[in-house]
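Fold and contact review
Below are the chains, spelled out letter by letter.
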Amino acid sequence: QVVAVAARDLGRAQAFARRLGVPRAYGSYEELAQDPNVDVVYVGVVNPSHLPTGRLFLAAGRAVLMEKPMAVGAKEVSELVAVARERGVFLMEGFWTRFFPAWQRLRALVAEGALGTPLLFRGSLGFNLGGVERLREPGLAGGALLDLGCYGLQMALALLGGTPKALWAHGILHPTGVDESVTVTVDFGDHRLAVITCSMAAELPGGAALGGTRGWAEIPDNMNCPTELLWGGRREVFPLPPPSEPLNFPHGTGLRFEAQHVRECLLQGEGSPGGLGRGPWGRGASLTPLCPPGLTESPVMPLAESELVARLLDQAREQVGTAGPGGGL
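- As recorded by an unreviewed UniProt entry, the protein chain carries the name Trans-1,2-dihydrobenzene-1,2-diol dehydrogenase and is attributed to Tachuris rubrigastra.
- Comment text from UniProt for the protein chain, heading Sequence similarities (unreviewed entry), reads "Belongs to the Gfo/Idh/MocA family."

Okay, here's the thing in C-alpha cells:
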C-alpha cells in the first residue's frame with residue numbers, strides 16, 4: 001500500500017496525494033522518515049540528494065529503494081551501503097531492468113548455457129534530452145553516463161560476470177561541461193568485452209545484444225525496460241500490464257516488478273534468523289526463492305554490484321572529463 005508521499009514543497013505533495021488517493025502528504029523528508037506506518041521508501045530525488053536523503057531514511061530504520069544511480073560517485077555509494085549495513089536496514093538500487101521478465105529470461109538462457117560462454121556484450125541507449133534541465137547542470141550531477149550509461153554497465157556486469165580488468169571511455173561534452181554522448185569499452189578478461197554507448201542528444205533504438213560461443217541473444221529496443229527477446233531464430237514477447245495512468249516513460253508499468261521484489265525481500269525477512277524482524281511485512285506472507293532468509297539486501301541487485309557500477313562510472317566520467325560532483329573537472 002502507498003501510505004504517504006513527501007516533497008520539499010508541501011503543496012506539490014498534497015496535490016500528488018489528492019490525485020492518486022495517498023492518505024498522507026508531507027512537506028519534508030524528515031516528517032516522512034518519522035511516520036511509524038512507513039516500512040519502505042522509494043527515493044527519487046535529484047542525484048546529489050541521494051546520499052543525504054537515503055542516509056536520513058536508513059538512520060530512521062526505513063528500508064530504501066534508491067533510484068539509480070545509488071549516489072554520485074563510489075565514495076557516496078559506499079557511505080550509503082555502510083549506513084544500511086550498520087543499521088541492518090534493507091537498501092537496493094533501483095535498476096528496474098533486472099526485474100523485467102524479458103531480462104530474467106535472458107539471464108536464464110545464460111545460466112543454462114544456451115548461448116555457450118558469453119564473450120561480447122554491446123548496448124546503446126540514447127534520447128534527445130537537451131531540454132531536461134537536471135541533465136544539463138553540473139551541480140545536479142547531470143550527463144548521459146549517470147542517467148543512461150549506467151544501464152549498460154550493470155547489464156554487462158550481470159551477463160559477463162566478474163570485476164573488469166580495464167575501462168576506456170571517450171565522449172563529447174555538452175556546453176555546460178557534463179557528458180553528452182559517450183562510448184565505454186570494458187575488458188572483463190578471458191576474451192570477454194563490453195561496448196556501451198549512451199547519449200542525451202541523439203535518439204537511439206536502445207537495443208542490446210549478447211554473443212556467446214554457441215549463439216547470441218538480442219534485446220531489439222528499450223534495453224533498460226525490455227519486453228522482447230530474440231534468440232535461436234525465435235522472438236519471445238513479454239507484454240506488460242496496461243497503465244491506469246498516463247506514463248512518463250515507455251513501459252512504465254514495469255516499475256511494478258522491482259517494487260514487488262523489494263516487498264518480497266521484506267516479507268521474507270520477518271521472523272527469519274537474522275531477518276529484519278520489524279514491521280508487518282511477514283504477516284501471512286509466503287516465502288520466495290528470490291530472497292533467502294535474513295538478507296537485508298537483494299540477491300538480484302546486490303550492494304556489491306552497486307558499488308562496482310559506481311566505481312566504473314567514476315572512471316568513465318573522469319576519462320571523459322565530466323564537470324560536476326564526482327566528475328573529472
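Still to come is the rest of the account.
1. Looking at the overall build of the protein chain
- A count of helices and strands for the protein chain gives 9 helices and 13 strands.
- Its C-alpha atoms put the protein chain at 50 × 45 × 40 Å along the principal axes.
- Relative to all contacts within the protein chain whose residues are 6 or more apart in sequence, the contacts with residues 24 or more apart total 62%.
- Here the protein chain has roughly 14800 Å² of accessible surface; of this, 53% comes from carbon and sulfur atoms.
- Side chains of the protein chain give 28 positive and 32 negative charges; the mean places of these two sets differ by 4 Å.

2. Section: helix 1 (residues 10-20)
- One side-chain oxygen at the N-terminal end of helix 1 lies 2.8 Å from the backbone nitrogen of Gly-11; it belongs to Asp-9.
- In the segment just after helix 1, Gly-21 is the residue with positive phi, at about 70°.

3. Examining the packing of helix 4 (residues 74-87) against helix 9 (residues 303-320)
- Put simply, helix 4 and helix 9 touch, their axes get as near as 8 Å, and they point 165° apart. When the interaxial angle is binned, helix 4 and helix 9 end up roughly antiparallel. Between helix 4 and helix 9 the crossing geometry is left-handed. Taking contact as the criterion, the partners of Ala-74, Val-77, Ser-78, Val-81 and Arg-85 in helix 4 are, on helix 9, Leu-303, Ala-304, Ser-306, Glu-307, Ala-310, Arg-311 and Asp-314.
- When the residues that make up the contact of helix 4 with helix 9 are grouped by side-chain class, the tally is 6 nonpolar, 2 polar and 4 charged.

4. A few points about the UniProt feature "domain: GFO/IDH/MocA-like oxidoreductase" (unreviewed entry) in the protein chain
- Using the residue numbers shown here, the UniProt feature "domain: GFO/IDH/MocA-like oxidoreductase" (unreviewed entry) corresponds to residues 103-217.
- Note that residues 103-217 is 26% helix and 37% strand, and that its end C-alpha atoms are spaced 11 Å apart.

5. Observations regarding helix 7 (residues 144-160)
- With 17 residues, helix 7 should cover 24 Å at 1.5 Å per step; its first-to-last C-alpha distance of 23 Å lies within 8% of that length.
- Bending of helix 7 peaks at approximately 45° at the position of Cys-150.
- Of all 17 residues making up helix 7, 17 are buried, and the element is well covered by its neighbours.
- Count one or two residues on from helix 7 and you reach Gly-161, which has phi positive near 80°.

6. Notes on the state of the cysteines
- According to the stated counting rule, one finds 0 disulfides in the structure shown.
- Residue Cys-150 stays outside any disulfide, its sulfur separated by 8.4 Å from that of Cys-198, the closest cysteine.
- For Cys-198, a relative accessible area of 1% corresponds to the buried category.

Procedures and definitions
Residues numbered from 1 in each chain as written. Predicted model: local features only at pLDDT ≥ 70, side-chain atom pairs only at ≥ 80, totals over all residues. Heavy atoms only, no water. UniProt positions renumbered as here; feature names shortened; annotations may be inferred. Helix = DSSP H or I, 4+ residues; strand = E, 2+ residues; numbered from the N terminus. Contact = heavy atoms within 4.5 Å. Areas by Shrake-Rupley, 256 points an atom, 1.4 Å probe, with all protein chains shown as cover. Lys, Arg positive; Asp, Glu negative; His and termini not counted. Charge placed at Lys NZ, Arg CZ, Asp CG, Glu CD. Polar contact = N/O pair within 3.5 Å; in protein donor to acceptor, adjacent residues only side chain to side chain. Axes fitted to C-alpha atoms, helices over the stretch in contact; angles between N-to-C directions. Parallel < 35°, antiparallel > 145°, perpendicular 65-115°, else oblique. Left-handed = near helix turned anticlockwise from the far one by under 90°. Nonpolar A, V, L, I, M, F, W, Y, C, P; charged D, E, K, R; others polar. Expected span 1.5 Å × (residues − 1). Bend = angle between axes of the 7 residues up to and from the residue. Buried < 20%, exposed > 50% of the residue type's maximum accessible area, 1.4 Å probe, protein only. Disulfide = S-S within 2.5 Å.

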